Amino acid sequence: EIPELQNTQAATEQAHEQLRQIIDLVPDPLYVKTLDDEVLLSNTANAELHGLTPDEMEGTREEAIEGDVDNIEDFDTEIEVVETGEPLTTEETLVSPDGDEQTFRTTRIPFTTAGEAEDAVLGYARDVTEIKQYEQELETAKQRLEASHEQIEQTNGELETLNRILRH
């Protein structure tokens, strides 16, 4: 019995280590959080956003991790995801520990934890900061083009008026 138990325990530890390696290979932030705001799982990318390691985050409530975090809206989103049973994608801007502002497109998926069957949310986030900056640059260029077009139209109108005056 004891060797069988030791084999089972070793297999469980190996599976846990493999899961840790897999989620840490994901370059985007990934987490599982309960409706009590407790972080059950965090990959390295997610922990680094908070200036922590996954071990420091797991088992901790997010409000303890970020004392100044205003996550009421996010928490409402997580409750909505669990209540509807449907994934939800939102955009949010976060400020990293070094002061950099980043925009993330975060998808939250309803998740039921193993063992305790507790409602939770699996979240993964994609950094879309560069995309948002590019969209802003495109919008600025579009506005400049529209302003230039209006100036050209106005100049054409003035030239037509001048042309009519000169013909008379």
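All figures in this text were calculated on a predicted structure; none of them were measured in a lab.

Rules and cut-offs
- Residues numbered from 1 in each chain as written.
- Predicted model: local features only at pLDDT ≥ 70, side-chain atom pairs only at ≥ 80, totals over all residues.
- Heavy atoms only, no water.
- Helix = DSSP H or I, 4+ residues; strand = E, 2+ residues; numbered from the N terminus.
- Rg over C-alpha atoms; globule rule 2.2 N^0.38 Å.
- Buried < 20%, exposed > 50% of the residue type's maximum accessible area, 1.4 Å probe, protein only.
- Areas by Shrake-Rupley, 256 points an atom, 1.4 Å probe, with all protein chains shown as cover.
- Lys, Arg positive; Asp, Glu negative; His and termini not counted.
- Charge placed at Lys NZ, Arg CZ, Asp CG, Glu CD.
- Pairing = 2+ DSSP bridges.
- Axes fitted to C-alpha atoms, helices over the stretch in contact; angles between N-to-C directions.
- Contact = heavy atoms within 4.5 Å.
- pLDDT = per-residue confidence, 0-100.

Trainee: Sorry, what's going on with the overall build of the protein here?
Mentor: Helix and strand counts for the protein stand at 6 helices and 5 strands. Along the protein, helices and strands appear, N-terminal first, in the series α-β-β-α-α-α-α-β-β-β-α. Here the C-alpha radius of gyration of the protein, 26 Å, is well above what a compact globule of 168 residues would show, namely 15 Å. For the protein, the C-alpha atoms occupy an extent of roughly 110 × 30 × 30 Å along the three principal directions. Taking all 168 residues of the protein together, the buried fraction comes to 26%. As displayed, the protein has an accessible area near 12,000 Å², and 51% of this comes from carbon and sulfur atoms. Treating the 11 positive side-chain charges of the protein as one cloud and the 43 negative ones as another, the clouds have centres 15 Å apart.

Trainee: Got a minute to help me understand the pairing of strand β2 (residues 39-42) in this structure?
Mentor: A regular strand places its side chains so that they alternate between the two faces of the sheet. One ladder, built from 3 bridges, connects strand β1 (residues 30-34) with β2; its direction is antiparallel. Looking at the pairing, Lys33 lines up with Val39 of β2. Hairpin connection from β1 to β2: 4 residues lie between these consecutive antiparallel strands, with Asp37 at a positive phi of about 75°.

Trainee: Explanation requested: the sheet that holds strand β3 (residues 88-95) in the structure shown.
Mentor: The strand order across the open sheet built from 5 strands is β2-β1-β5-β4-β3, with neighbouring strands paired in antiparallel fashion. The open sheet has two free edges, formed respectively by β2 and β3, since each of these has just one partner strand. Recorded for the sheet is a direction-independent mean angle of 25° between the axes of neighbouring strands. In this fold helix α6 (residues 129-167) packs onto β3, β4 (101-112) and β5 (119-127), with an angle of close to 130° to the strand it touches most, β4.

Trainee: Explain the confidence of the model for the protein to me, please; I cannot follow it from the model alone.
Mentor: Detailed conclusions should not be drawn from predicted coordinates in areas where pLDDT is low. The pLDDT averaged across the protein works out to 86; a share of 94% of its residues lies at or above 70. Ignoring residues within four places in sequence, the model shows residues 69-73, a span with pLDDT below 50, making 4 contacts including any to other chains.

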